[in-house]
Amino acid sequence: MRIIPAIDIIGGQCVRLSKGDYNTSKVYNTNPVEVAKQFEDAGIKYLHIVDLDGAKSNQIINAKVLEQIATQTNLQIDFGGGIKSVADINTAFSSGAKQVTVGSIAATKPELFLEWLGKYGSDKVILGADCKQRKIMTQGWLDSADTDVLEFIQMYEQKGVKYTIVTDIEKDGMLNGPAIELYKEIIGNSKVKLIASGGLTTVEELYTLKDIGCEGVIIGKAIYEGRITLKELSELC
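Residues numbered from 1 in each chain as written. Predicted model: local features only at pLDDT ≥ 70, side-chain atom pairs only at ≥ 80, totals over all residues. Heavy atoms only, no water.

### Considerations on the packing of helix α1 (residues 32-41) against helix α3 (residues 63-72)
So, step 1. Remark: α1 packs on α3, axes separated minimally by 9 Å, with the N-to-C direction vectors making an angle of 35 degrees. At the point where α1 passes α3, the crossing takes the right-handed sense. Side by side, α1 and α3 meet where P32, V33, A36, K37 and E40 of the first sit next to V65, Q68, I69 and Q72 of the second.
So, step 2. For the contact of α1 with α3, the class distribution of residues is five nonpolar, two polar and two charged. (Axes fitted to C-alpha atoms, helices over the stretch in contact; angles between N-to-C directions. Helix = DSSP H or I, 4+ residues; strand = E, 2+ residues; numbered from the N terminus. Left-handed = near helix turned anticlockwise from the far one by under 90°. Contact = heavy atoms within 4.5 Å. Nonpolar A, V, L, I, M, F, W, Y, C, P; charged D, E, K, R; others polar.)

Structure, rendered in structure tokens:
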């Protein structure tokens, strides 16, 4: 199982939210590049970057931060937030992303998402499946698509999607454990490689996610709040 720390960006700074609420934004570091280098120094190979400004906008906002991290580290980066057009995808890849995560467009414009999936390939385009009470959420988690998360994933699995990042929004940033039962259900009913996101608090939960079959796990606030240390992650890696 891949260990994937997260850097969420607002105004060029490394922040975390609680339950996706922008009003709860807390700045942990004004220099995301510095944070990324700390991850790399701990032996971590992967990084998940979310442009939270872009997620609420119609385009990527923080491409410069992505570029800085990509050029100053060797981390394999997946990037999401604000990807609404081919120009945005090209910006993400040209700025150094190895994969892009697309959620809102997959929910609101499925034909366009499938066009991108065909053009760039299933190894490069990750399906973002952010949900609240099982319903897919879009536009920086501000709108609901009224689609069940499992049905959403199964539909795109039939179209060739290989990876999905599943975030239970009510767990995200709350440090009260990941959505284990939801992940079990998805893994038991699809063959898509599931990357768990949201709520992770302890190293023991990492082992649980591995045991149920998650391909990767994204870790955010647990690192920034010291619940899981970089030393512990280094040993796991």
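Here the narrative resumes, following the displayed structure.
### Considering the pattern of salt bridges
So, step 1. A full pass over the atoms with the stated rule returns ten salt bridges.
So, step 2. For the salt bridge of D148 with R134, the shortest nitrogen-to-oxygen distance reads 2.8 Å. With D148 in strand β9 (residues 143-148) and R134 in the loop between β7 (125-132) and β8 (135-138), this pair connects stretches of sequence that are 14 residues apart.
So, step 3. The salt bridge partner of E235 is K231, with a shortest N-O separation of 2.8 Å. Linking E235 with K231, this pair stays in helix α11 (residues 230-236), spanning four residues, or about one helical turn.
So, step 4. Judged by relative accessible area, E235 falls into the exposed class, the value being 58%.
So, step 5. K231 gets classed as exposed once you look at its relative accessible area, which sits at 60%.
So, step 6. One continuous salt-bridge network, built from bridges that share partners, spans R134, D148 and E185. (Salt bridge = Lys/Arg side-chain N within 4 Å of Asp/Glu carboxyl O. Buried < 20%, exposed > 50% of the residue type's maximum accessible area, 1.4 Å probe, protein only.)

### Concerning helix α6 (residues 110-120)
Each α-helix turn comprises 3.6 residues. Residues three or four places apart therefore point the same way.
So, step 1. Among all positions of α6, only F113, W116, L117 and Y120 are buried. End-on view of α6: buried residues confined to an arc of 100 degrees, all on one side of the axis. Counted as exposed and oriented over 90 degrees from the buried face of α6: E111, G118 and K119.
So, step 2. The elements touched by buried residues of α6 are α4 (86-94), β6 (99-102), α5 (104-108), β7 and α7 (149-157). (Arc of directions from axis to C-beta.)

### Things to note about the nonpolar core
So, step 1. Among the nonpolar cores identified, the biggest contains 67 residues, and I7 and I219 are the most heavily contacted of them.
So, step 2. Setting aside residues up to four positions removed in sequence, I219 forms contacts with I3, I4, P5, A6, L200, L206, I228 and L233. (Core = buried A, V, L, I, M, F, W, Y, C linked by side-chain atoms within 4.5 Å.)

### Remarks on α3
So, step 1. Those residues of α3 lying buried are A63, V65, L66 and I69. Projection of α3 onto a plane perpendicular to its axis shows the buried side chains occupying an angular sector of 160 degrees, all on one side. What points out from α3, more than 90 degrees from its buried face, is the exposed set K64 and T71.
So, step 2. Of the surrounding elements, those touching the buried residues of α3 are β1 (2-10), α1, β4 (46-51), β5 (76-80) and α4.

### Focus: the environment of D53
So, step 1. Take D53: it is sitting in helix α2 (residues 52-56).
So, step 2. Along the chain, D53 and I10 lie 43 residues apart, while their C-alpha atoms are 5.5 Å from each other.
So, step 3. Contacts of D53, omitting those with residues within four sequence positions, involve I9, I10, G11, G12, I61 and N62.

### Brief notes about the pairing of strand β2 (residues 13-18)
So, step 1. Most of β2 is tucked away, with five of its six residues classed as buried.
So, step 2. Pairing analysis gives three bridges linking β1 to β2, with the strands arranged antiparallel. Of the residues in β2, the one forming a bridge with I9 is C14.
So, step 3. Between the end of β1 and the start of β2, which pair antiparallel, lie two residues, with G11 showing a positive phi angle near 60 degrees.
So, step 4. As paired strands, β2 and strand β3 (residues 21-29) are joined by four bridges and run antiparallel to one another. In the strand pairing of β3, V15 is matched with V27. (Pairing = 2+ DSSP bridges.)

Take it as geometry only, folks, not as evidence of what the structure does.
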